Each structure stands twice: as structure tokens, then as C-alpha cells.
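So the chains spell out like this:
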Amino acid sequence: MDDVSTNRSRTRDRRGRGMRGPGVLPAVPGTPALRTARQKFDQLVLDVVTPLDERWQRHLGLVEYAVEDAPMLPDDWGDETVPLSSLVRGKGQEPTRLVIFRRPIEQRATNRDELEAMVHTVVVEQLAELLGLTPGQVDEKYGD
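Residues numbered from 1 in each chain as written. Predicted model: local features only at pLDDT ≥ 70, side-chain atom pairs only at ≥ 80, totals over all residues. Heavy atoms only, no water.

**What to know about the overall build of the chain**
When its secondary structure is counted, the chain shows 5 helices and 3 strands. The linear arrangement of helices and strands in the chain, starting from the amino end, is α-α-β-β-β-α-α-α. The proportion of buried residues among the 144 residues of the chain is 26%. Of the contacts formed within the chain by residues at least 6 apart in sequence, a portion of 55% connects residues at least 24 apart. Total accessible area computed for the chain in this model is approximately 10700 Å², and 50% of it derives from carbon and sulfur atoms. (Helix = DSSP H or I, 4+ residues; strand = E, 2+ residues; numbered from the N terminus. Buried < 20%, exposed > 50% of the residue type's maximum accessible area, 1.4 Å probe, protein only. Contact = heavy atoms within 4.5 Å. Areas by Shrake-Rupley, 256 points an atom, 1.4 Å probe, with all protein chains shown as cover.)

**Here's the deal with the sheet that holds strand β3 (residues 96-101)**
The 3 strands are arranged β1-β3-β2 in an open sheet whose pairing can be described as mixed. Lying at the two open borders of the sheet, with one neighbouring strand each, are β1 (63-68) and β2 (85-88). The average angle at which neighbouring strand axes cross in this sheet is 15°, direction not considered. Pairing of β1 with β3 involves 6 bridges; the strand directions are parallel. Paired with Y65 across the bridge in β3 is L98. Across the sheet, helix α2 (residues 37-60) lies against β1 and β3, angled at about 165° from β1, the strand it touches most. Most of the contacts of helix α4 (residues 112-131) go to β2, to which it runs at about 20°, and overall it touches β1, β2 and β3. (Pairing = 2+ DSSP bridges. Axes fitted to C-alpha atoms, helices over the stretch in contact; angles between N-to-C directions.)

**Comments concerning the side chain of H120**
Note on placement: H120 falls in helix α4. On the basis of relative accessible area, H120 is assigned to the buried category, the value being 16%. Look past the residues within four positions of H120 in its chain and what remains in contact with it is V48, D139, K141 and Y142.

**Describing the nonpolar core**
Core analysis: the largest hydrophobic core is formed by 23 residues, its most contacted members being I100, I105, V119 and V123. Per element, the largest residue contribution to this core is 9 residues, and it comes from α4. Leaving out residues up to four positions away in the same chain, V119 has contacts with F41, L44, V45, V48 and I105. (Core = buried A, V, L, I, M, F, W, Y, C linked by side-chain atoms within 4.5 Å.)

**A short note on the packing of α2 against α4**
Remark: α2 packs on α4, axes separated minimally by 10 Å, with the N-to-C direction vectors making an angle of 30°. Classified by the interaxial angle, the pair formed by α2 and α4 is roughly parallel. For the pair α2 and α4, the sense of crossing is right-handed. Contacts from K40, F41, L44, V45, V48, V49, L52, W56, H59 and L60 of α2 reach α4 at R112, L115, E116, V119, H120, V123, V124, L127, L130 and L131. Its residues assigned to classes, the contact of α2 with α4 shows 15 nonpolar, 2 polar and 3 charged. (Parallel < 35°, antiparallel > 145°, perpendicular 65-115°, else oblique. Left-handed = near helix turned anticlockwise from the far one by under 90°. Nonpolar A, V, L, I, M, F, W, Y, C, P; charged D, E, K, R; others polar.)

**Considering α4**
The terminal C-alpha atoms of α4, which comprises 20 residues, lie 28 Å apart, in line with the 28 Å expected from a rise of 1.5 Å per residue. Those residues of α4 lying buried are L115, M118, V119, H120, V122, V123, V124, Q126, L127, A128 and L130. For α4, the elements touching its buried residues are α2, β1, β2, β3, α3 (102-108) and α5 (135-138). Between a side-chain oxygen at the N-terminus of α4 and the backbone nitrogen of D113 the separation is 3.1 Å; the capping residue is N111. (Expected span 1.5 Å × (residues − 1). Polar contact = N/O pair within 3.5 Å; in protein donor to acceptor, adjacent residues only side chain to side chain.)

**Regarding the pattern of salt bridges**
Counted by the stated rule, this structure contains 8 salt bridges. The salt bridge involving E64 is made with R97; its shortest N-O contact spans 3.4 Å. You can see E64 sitting in strand β1 and its partner R97 sitting in strand β3, a full 33 residues away along the chain. Of the residues examined, E64 reaches a relative accessible area of 37% and is grouped as partly exposed. According to the relative accessible area criterion, R97 is partly exposed, its value standing at 31%. (Salt bridge = Lys/Arg side-chain N within 4 Å of Asp/Glu carboxyl O.)

Spelled out as C-alpha cells, the structure:
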């Protein structure tokens, strides 16, 4: 009988379903310890946008960067592809708005490196359009 109880204590859990509860405790009780996929993507976009915006800010003017889950497509959308971003030029006091769509980009990327490269490509291409330059002029890492 002792041998059976010893074996049970060595197993992961009572019914073989894996660990119960979080593997990491939060630093501040009541807040999540791990970032969500959305938070990780937001941080990735911020990491890509920040150096480009700092470099081109005086030529760009005021630009708002945003991340949305997916674009709102009209019912009569005829194209088979889904846009990865949207650029709306500002008028008067309204800033230009560059929106990156998270889900379409995540679905096309197979790993973290591809995701970073895709976000970088989308942001550089949109800024190039806004500046009237080629993507290679906006960022020398474009296409790598």
C-alpha cells in the first residue's frame, strides 16, 4: 500500500490533466503575470514604430499609430485579400492615422521572426507612402 501512495505523489496531478492554476504568480496580486497575445503584438508594433517615427517625425508631422484586431470590411468587398493596415491622412488639425490589423498579420506569420518582419514591412511601406519615398529610403533594413 505504501508503494502505491508513493507512486501517486510522483505523478503530475491526480487525474493526469496537467498543472492546475498559473505557472507564474503575478508581481501585483489581481493582475495577469503573463502578457496576452494582444499585448505582445502591441509591444511589437511599438518597438517597430518608435525608431521610425523618431527618425521621420519632422517630415511626418503628427501621426497616430493604432492596432485593431481586424478591419471592418463592407459586405460587397470583392477582393480576396484582407488589408493588413489602413492609412488615413489627416486634415487640418486632425492627425494622420496608421492602423495595423493584428489578426490578418498574425494569421500570415508562422513564427515570431516572420511576425516581426511582416509588421516592419507594413509600417515601412505605409510611412513610405505617406512621405512619398520608396520603402528602402525610409528604412535601410526594408526587404531584409
